[in-house]
Amino acid sequence: MGYDLGSAVGFQLRDKPVSWTRKDLITYALGVGAKRDELPLVYDKSWGPLPTYPVVLSLKGEDTDVSLFASKHSKQTVPGLPKLDPKRVVHATQSVEVLRDLPQESGPGWKLSDRIVGVHENKSGIIIDTESLLLDPKGTAYAKLYSSAFYLGSKANGGKFSKAIASAPQAKPIPKDRKPNWVVREKTSPEQALIYRLSGDYNPLHIDPEVGKALGFGDVILHGLSSYGFAARAIVQTVGKGDRRALKLICARFSSPVTPGDELETQAWEVGSGPKGTTEIAFITKDLTTGRVALSNGIAYVKTAETSKL
């Protein structure tokens, strides 16, 4: 039986109601490593959300308590796709573009509007690209997200296939002829995944050592989106001079897993001008404990003091 993979591209998925509170925003900031001296992220007086917060909403939804991870995978039938195994999926890429500053709490009526914007098949499996818009009750967009899910071992027609109608900006190559403009080194906590999971991703892979061993990791691993948040904080602290509103877009590929307690190093280069008066940044995040690159193909658009004067 053949599958018309191209027919899935452009398919509109069911909307997902979402919500958050001030406590949720602070919990997320702690889950991505915020420290006591980062009061603009963790102290509810002169404070606001880290721009990457919307990445948690796909799994969190409207939940206010611990939820079953297996229940979070959509059972909606998508035309043209074979049955995909949610136990054999890894997060491949993530981006978030800030369109408007998030309020400190959502109130009712917010949602994620998702559509499939890319399908790719190769010998290793099937990759599904999704575009998500975070919409307020009036339909105003506050963030645009792109994510890719890699279903390992899944097969449709057995050959190579690729079709996409939208995607996040592509990163420029890391400059080989000069050192990074900014370097931030930070050690994750052995309990980092325990904190991050409170933002809505209760995958047992991040807390149960037996699950980690069964999946070939040897132990639990840190959520990729926690490492992504560490990189976002590093860019806000350095390029953005501590102003969370300076970060307008950040994208990265998840290249290798991080174990809670590992030390991360984000290296960032200025590589030109971005859209709407921003500076374009290329970055990688290395796991210094293992020597591997955890986040690759990193790109960020940041509103710097210099670009603001132009």
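The preceding data block contains the structure.
**Things to note about unusual backbone geometry**
Okay, so step 1: Backbone geometry at Lys-276 places phi at a positive 55°, although glycine is not the residue there.
Okay, so step 2: By the element assignment, Lys-276 lies in the loop between strand 9 (263-273) and strand 10 (279-287).
Okay, so step 3: A residue is classified by how much of its surface remains accessible, and Lys-276, at 74% relative accessible area, is exposed.
Okay, so step 4: Of note in this structure, Asn-297 is not a glycine but carries a positive phi near 50°.
Okay, so step 5: Inspection of the secondary structure puts Asn-297 in strand 11 (residues 292-302).
Okay, so step 6: Among the residues examined, Asn-297 registers a relative accessible area of 49% and is labelled partly exposed.

**So, the environment of Pro-79**
Okay, so step 1: Position of Pro-79 among the secondary structure elements: in the loop between helix 3 (57-60) and strand 2 (89-98).
Okay, so step 2: Setting aside residues up to four positions removed in sequence, Pro-79 forms contacts with Ser-7, Ala-8 and Phe-11.

**Description of helix 6 (residues 224-238)**
Okay, so step 1: The end-to-end C-alpha distance of helix 6, which contains 15 residues, comes to 22 Å, matching closely the 21 Å that a straight helix rising 1.5 Å per residue would cover.
Okay, so step 2: Counted residue by residue, helix 6 has 13 buried out of 15 residues, so it is predominantly covered.

**Some words on the pattern of salt bridges**
Okay, so step 1: The tally for this structure, following the rule as stated, stands at 13 salt bridges.
Okay, so step 2: Where Glu-105 meets Arg-22, a salt bridge forms, and the shortest distance between an N and an O atom there is 2.8 Å. You can see Glu-105 sitting in the loop between strand 2 and strand 3 (110-122) and its partner Arg-22 sitting in helix 1 (residues 22-31), a full 83 residues away along the chain.
Okay, so step 3: The class of Glu-105 is partly exposed, set by a relative accessible area of 40%.
Okay, so step 4: Two residues, Lys-35 and Glu-186, come together in a salt bridge whose shortest N-O distance is 2.5 Å. Taken together, the residues span a long stretch of sequence, with Lys-35 in the loop between helix 1 and helix 2 (39-42) and Glu-186 in strand 7 (residues 182-187) at a distance of 151 residues.
Okay, so step 5: Assessed through its relative accessible area of 36%, Lys-35 is described here as partly exposed.
Okay, so step 6: For Glu-186, a relative accessible area of 12% corresponds to the buried category.

**Considering the nonpolar core**
Most often, soluble globular proteins have nonpolar side chains that are buried together.
Okay, so step 1: Membership of the largest hydrophobic core comes to 43 residues, with the highest contact counts inside it found for Trp-20, Val-55 and Leu-134.
Okay, so step 2: For this core, the elements supplying multiple residues, two or more each, are helix 1, helix 2, strand 3, strand 5 (141-152), helix 6, strand 8 (247-254), strand 10 and strand 11.
Okay, so step 3: Among the elements that line this core, the one with the most residues is helix 6, at six residues.
Okay, so step 4: When neighbours within four sequence positions are excluded, Leu-134 is seen to be in contact with Val-18, Trp-20, Pro-54, Leu-57, Leu-102, Trp-110, Lys-111, Leu-112, Thr-140, Ala-141, Tyr-142 and Ala-143.
Okay, so step 5: Membership of the second largest hydrophobic core comes to 13 residues, among which are Leu-5, Leu-13, Leu-84 and Ala-156.

**As for empty space enclosed by the protein**
Okay, so step 1: Under the definition given, this model contains one cavity of 30 Å³ or more.
Okay, so step 2: If you go around the largest cavity, the residues you meet are Val-184, Glu-186, Phe-230, Ala-234, Leu-264, Glu-265 and Thr-266.
Okay, so step 3: If you list the elements that add at least two residues to the lining of the largest cavity, you get strand 7, helix 6 and strand 9.
Okay, so step 4: Ranked by residues supplied to the lining of the largest cavity, first place goes to strand 9 with three residues.
Okay, so step 5: Across the lining of the largest cavity, the residue classes break down as four nonpolar, one polar and two charged.

**Examining the side chain of Ser-95**
Okay, so step 1: When you line up the elements, Ser-95 lands in strand 2.
Okay, so step 2: Classification of Ser-95 as buried rests on a relative accessible area of 3%.

**Brief notes about the layout of surface pockets**
Okay, so step 1: Considered as a void within the structure, the second largest pocket measures approximately 470 Å³ in volume.
Okay, so step 2: Lining of the second largest pocket is provided by 25 residues; of these, Thr-93, Ser-148, Ser-167, Gln-170 and Arg-253 occupy positions nearest its centre.
Okay, so step 3: Looking at the lining of the second largest pocket, the elements with two or more residues in it are strand 2, strand 3, strand 4 (125-135), strand 5, strand 8 and strand 11.
Okay, so step 4: Of the residues belonging to the lining of the second largest pocket, the class tally is 13 nonpolar, ten polar and two charged.

**Considerations on the side chain of Ser-106**
Okay, so step 1: Here Ser-106 lies in the loop between strand 2 and strand 3.
Okay, so step 2: Separated by 3.0 Å, the side chain of Ser-106 and the backbone nitrogen of Trp-20 make a polar contact.
Okay, so step 3: Leaving out residues up to four positions away in the same chain, Ser-106 has contacts with Val-18, Ser-19 and Trp-20.

**Some details on the pairing of strand 8**
Okay, so step 1: Burial of strand 8 is extensive: six of the eight residues sit out of reach of the surface.
Okay, so step 2: In terms of strand pairing, strand 2 meets strand 8 through five bridges, oriented antiparallel. Bridged to Thr-93 within strand 8 is Arg-253.
Okay, so step 3: Alignment of strand 8 against strand 11, held across six bridges, turns out to be antiparallel. Looking at strand 11, one finds that Leu-249 is bridged to Tyr-301.

How each quantity is defined
Within every chain, residues take consecutive numbers counted from 1 along the sequence as written. Predicted model: local features are reported for residues with pLDDT of at least 70 only, side-chain atom pairs are reported and counted for 80 or more only, and whole-chain, interface and lining totals are derived from all residues. To obtain the side-chain values, all non-hydrogen atoms of the structure were included, while hydrogens and water were left out. Segments assigned H or I by DSSP are reported as helices when at least four residues long, segments assigned E as strands when at least two residues long, and all are numbered from the N terminus. We call a residue buried when its accessible area falls under 20% of the maximum for its residue type, exposed when it is over 50%, and partly exposed in between, using a 1.4 Å probe and counting protein chains only. Any two residues having at least one pair of non-hydrogen atoms within 4.5 Å are treated as being in contact. To estimate the expected span of a helix, subtract one from its residue number and multiply by 1.5 Å. Salt bridges are identified by distance alone: a Lys or Arg side-chain nitrogen within 4 Å of an Asp or Glu carboxyl oxygen. We call a set of buried Ala, Val, Leu, Ile, Met, Phe, Trp, Tyr and Cys residues a nonpolar core when their side-chain atoms join them within 4.5 Å. Definitions used throughout: a 1 Å grid over protein atoms alone; a cavity as a set of points that fits a 1.4 Å probe which cannot get out; a pocket as an open set with protein on both sides within 12 Å along at least five of seven lines; a lining residue as one with an atom within 4 Å of a point. Grid points are joined across faces, edges and corners, and a volume is the space filled by probe spheres set on the points. Residues were grouped as follows: Ala, Val, Leu, Ile, Met, Phe, Trp, Tyr, Cys and Pro as nonpolar; Asp, Glu, Lys and Arg as charged; and all remaining residues, including Gly, as polar. Here a polar contact means two N or O atoms within 3.5 Å. Within protein one must be a hydrogen donor candidate and the other an acceptor candidate, and residues neighboring in sequence count only if both atoms are side-chain atoms. Two strands qualify as a pair provided that DSSP identifies no fewer than 2 bridges between them.

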